[in-house]
Amino acid sequence: MPVETPTQTWAPKEYKSDLKPIWCAGCGDFGVLNALYKAMSMCNLDPENTVVVSGIGCSSRLPGFVASYGFHGVHGRALPIATGIKAARPELNVIVVGGDGDGYSIGAGHFPHCARRNPDMTYLIMNNNTYGLTKGQVSPTAMVPMASLNSKIDSKRWKTTPYGMMEDAINPIAQAIAWDVSFVARGFSYKPNQLAEILAEAIQHKGFALIDAFSPCPTFNQDQTDDFYKDRTYDVPEDHDPTDRVKAFELSLRNDGYPIGVIYKHEGKHSLLDEQASLRARFPHDTQTTVAKLFEKFQ
Ligand SMILES: Cc1ncc(C[n+]2csc(CCOP(=O)(O)OP(=O)(O)O)c2C)c(N)n1
Ligand code: SF4
């Protein structure tokens, strides 16, 4: 059923639910949440036609703090749940949120397939380079310094990895471009206004959009702090053309810091839901199929 364009407008504060966030003082997720309220207001999303879906983690508590529909799902399974919602109710605004552990570790297998299906939804990752909820294990983006030959690093800082991490961190931006995610951007919780602009552009993009937002966890990650990212982030250069995939890939692989802004865009990429609609139009009799009729075929 098509949704009517809202005649009402919503201010950022009107997207706040009655539930107060229970994140630790200084958690980057506060900045991300404020940016999301702003972006929802900029896009004038009707809360009644908006669903925020998450997995499990500190960051995945976010749907509870938004006055819209929400689904606090299963660890690593936010994308399939959200894709199901979008497939059943394509007119809804679907925003998926979660942590780097949720999205790039246990849920990583869903990511490339979501890129292939390209549903029109926004995926906001709060990347704190650790598993916050379970008290600071290494995540796929963790950068835990290795101990030097003569000294151990402070084992209280990284309880499960006292000698540092021996695996490389993944680069989610480069990976997303390689999978042709149709909108790829990076934000930083410390710059909520800029993040809100990026999020608004992602929400308006037609297709699957990833925003990886650095969102430090001061409780369990004292290496990748606000200051760490303030010193290493820079705005995407003004002359960068996000529709040039090779240039976007080059930018994502630069080792002189982390670009913040829109890095890659594939406008007009076909989507599973467009394909579904055109199949329905071509084979109208099949849309009369019910689950009961399907079962009958196998009796
Ligand atoms: C199937 C399953 N495996 C493991 C867990 C334990 N668990 C809960 S949250 C989490 C990691 C959360 O890290 P992240 O997604 O980065 O979110 P953060 O808490 O840092 O925001 C883990 C391992 C779980 N709940 N379910
Ligand atoms: S443990 Fe870390 S990620 Fe979780 S609420 Fe506290 S600061 Fe935020």
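Residues numbered from 1 in each chain as written. Chains lettered and ligands numbered in written order. Predicted model: local features only at pLDDT ≥ 70, side-chain atom pairs only at ≥ 80, totals over all residues.

1. Topic: the overall build of the protein chain
Then, in step 1: Each helix and strand in the protein chain was counted, giving 10 helices and 10 strands.
Then, in step 2: Rg of the C-alpha trace for the protein chain: 20 Å, near the compact-globule value of 19 Å for 299 residues, within the 12% margin.
Then, in step 3: Structurally, the protein chain occupies a C-alpha span of about 75 × 45 × 40 Å along its principal axes.
Then, in step 4: Looking at the protein chain as a whole, 43% of its 299 residues are labelled buried.
Then, in step 5: Counted over contacts in the protein chain with a minimum sequence separation of 6, partners at least 24 positions apart contribute 70%. (Helix = DSSP H or I, 4+ residues; strand = E, 2+ residues; numbered from the N terminus. Rg over C-alpha atoms; globule rule 2.2 N^0.38 Å. Buried ≥ 20, exposed ≤ 12 C-beta atoms within 10 Å, placed from the backbone. Contact = placed C-beta atoms within 7 Å.)

2. A few points about the site of ligand 2
Then, in step 1: For ligand 2, the full set of nearby residues is Trp-23, Cys-24, Cys-27, Asp-29, Cys-58, Asn-128, Gly-132, Leu-133, Cys-217, Pro-218, Thr-219 and Phe-220.
Then, in step 2: Among the residues making up the shell around ligand 2, the classes are represented as eight nonpolar, three polar and one charged. (Near = placed C-beta within 6 Å. Nonpolar A, V, L, I, M, F, W, Y, C, P; charged D, E, K, R; others polar.)

3. Considerations on the nonpolar core
Then, in step 1: One finds Leu-36, Val-96, Leu-124, Val-184, Leu-199, Ile-211 and Ala-213 to be the most contacted residues of the largest nonpolar core, which totals 59 residues.
Then, in step 2: Apart from the residues lying within four places of it in its own chain, the contact partners of Ala-213 are Val-32, Leu-124, Ile-125, Met-126, Asn-127, Gly-187, Phe-188, Ser-189 and Leu-195.
Then, in step 3: In terms of nonpolar packing, the next biggest core, distinct from the first, is built from five residues, Cys-27, Cys-58, Cys-217 and Phe-220 among them. (Core = buried A, V, L, I, M, F, W, Y, C linked by C-beta atoms within 7 Å.)

4. Observations regarding the packing of helix H2 (residues 78-88) against helix H4 (residues 110-117)
Then, in step 1: Axis separation between H2 and H4 bottoms out at 9 Å; the angle between their running directions is 25°. Relative to H4, the element H2 is oriented roughly parallel. Of the two elements, H2 crosses H4, and the hand of that crossing is left-handed. Where H2 approaches H4, its residues Leu-79, Pro-80 and Thr-83 are matched on the opposing element by His-110, Phe-111, Cys-114 and Arg-117. (Axes fitted to C-alpha atoms, helices over the stretch in contact; angles between N-to-C directions. Parallel < 35°, antiparallel > 145°, perpendicular 65-115°, else oblique. Left-handed = near helix turned anticlockwise from the far one by under 90°.)

5. Focus on the site of ligand 1
Then, in step 1: Surrounding ligand 1, one finds 19 residues, the nearest of these being Gly-57, Gly-99, Gly-101, Asp-102 and Gly-132.
Then, in step 2: Broken down by secondary-structure element, the contributors of at least two residues to the shell around ligand 1 are strand S3 (93-99), helix H3 (100-106) and strand S5 (130-131).
Then, in step 3: Sorting elements by how many residues they give to the shell around ligand 1 places H3 first, with four residues.
Then, in step 4: Class assignment for the residues of the shell around ligand 1 results in six nonpolar, 11 polar and two charged.

6. Describing the sheet that holds strand S2 (residues 69-72)
Then, in step 1: What the eight strands build is an open sheet, ordered S2-S1-S3-S4-S8-S7-S10-S9; its pairing is mixed. Edge positions in the open sheet fall to S2 and strand S9 (233-235), since each of these has one partner strand only. Averaged over all pairs of adjacent strands, the angle between strand axes in this sheet comes to 20°, irrespective of strand direction.
Then, in step 2: Pairing analysis gives six bridges linking strand S7 (residues 183-188) to strand S8 (residues 209-214), with the strands arranged parallel. Of the residues in S8, the one forming a bridge with Arg-186 is Asp-212. (Pairing = 2+ DSSP bridges.)

7. A closer look at the packing of helix H1 (residues 29-42) against helix H6 (residues 192-204)
Then, in step 1: Viewed as axis vectors pointing N to C, H1 and H6 meet at an angle of 50°, and their least axial separation amounts to 8 Å. Taken as axis vectors, H1 and H6 run oblique relative to one another. In this structure, H1 meets H6 at a crossing whose hand is right-handed. Where H1 abuts H6, its residues Gly-31, Val-32, Asn-34, Ala-35, Leu-36, Lys-38, Ala-39 and Met-42 lie against Pro-192, Leu-195, Ala-196, Leu-199, Ala-200 and Ile-203.
Then, in step 2: The residue makeup of the contact of H1 with H6, split by class, is 11 nonpolar, two polar and one charged.

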